[in-house]
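# Structural overview
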Amino acid sequence: MASCTRASAHVPPFPESSEAVSVESLALQACDDIDSLHAVHRAYACLEKLIVPQGVNDTEEVYPTRTELSALVRVVNEELQRRIEAADTTMQCKRPANAS
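As the structure is a prediction and not an experimental result, all values here were calculated from the model.

### A closer look at the overall build of the chain
For the chain, the helix and strand inventory stands at three helices and zero strands. Written out in order from the N terminus, the α and β elements of the chain read α-α-α. The buried share among the 100 residues of the chain stands at 12%. Carbon together with sulfur atoms contributes 60% to the accessible area of the chain, which is approximately 8300 Å² in total.

Spelled out as structure tokens, the structure:
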């Protein structure tokens, strides 16, 4: 599977239109989203190998790879961080209301 290549950051010789900047930022976001989906897919493959009984003698098919385990840990950590930040934001919003 091909990975998106990020354009190098440089100052253009002329100002870009907001539409061009928007299209470029959308393309970069799409690349990030695709990379994220690949990580989630590897994490899922890891979980599947850990949970689903396999009748195959090939260790590559039975045991998760280091890449899959790493993807699983990364996905879990990212979700945990997202939830911590959401809870922290909620608490920050509630503090001033309770102080009054």
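### A look at the confidence of the model for the chain
Predicted confidence across the chain gives a mean pLDDT of 75, with 70% of residues reaching 70 or more. Ranking the elements of the chain by mean pLDDT puts helix α2 (residues 59–62) last with 60 and helix α1 (residues 18–51) first with 85. Across residues 1–11 the pLDDT falls below 50, and counting only partners more than four positions away or on other chains, this stretch makes seven contacts in the model.

### Some remarks on a nonpolar patch on the surface
A cluster of nonpolar side chains, contributed by L47, L50, I51, V52 and L69, occupies part of the molecular surface with about 450 Å² of accessible area. Here the nonpolar patch gets three residues from one element, more than from any other, and that element is α1. As for its position among the elements, L50 is in helix α1.

### Notes on the environment of L37
Examined against the element boundaries, L37 turns out to sit in helix α1. Exposure remark for L37: the relative accessible area of 59% places this residue in the exposed category.

### Section: the side chain of E68
The topology assignment puts E68 in helix α3 (residues 66–99). A relative accessible area of 11% means that E68 is categorised as buried. Residues within four places of E68 in sequence aside, it is in contact with R42, A43, A45, C46, K49 and Y63.

### Comments concerning α1
With 34 residues, α1 should reach 50 Å at 1.5 Å per residue; the first-to-last C-alpha distance of 48 Å fits that figure. Every buried residue of α1 is listed here: C31, A39, A43, A45, C46 and K49.

Cut-offs applied
- Residues numbered from 1 in each chain as written.
- Predicted model: local features only at pLDDT ≥ 70, side-chain atom pairs only at ≥ 80, totals over all residues.
- Heavy atoms only, no water.
- Helix = DSSP H or I, 4+ residues; strand = E, 2+ residues; numbered from the N terminus.
- Buried < 20%, exposed > 50% of the residue type's maximum accessible area, 1.4 Å probe, protein only.
- Areas by Shrake-Rupley, 256 points an atom, 1.4 Å probe, with all protein chains shown as cover.
- pLDDT = per-residue confidence, 0-100.
- Contact = heavy atoms within 4.5 Å.
- Patch = residues over 30% accessible without salt bridge, like charges linked within 9 Å, V, L, I, M, F, W, Y side chains within 5 Å.
- Salt bridge = Lys/Arg side-chain N within 4 Å of Asp/Glu carboxyl O.
- Expected span 1.5 Å × (residues − 1).

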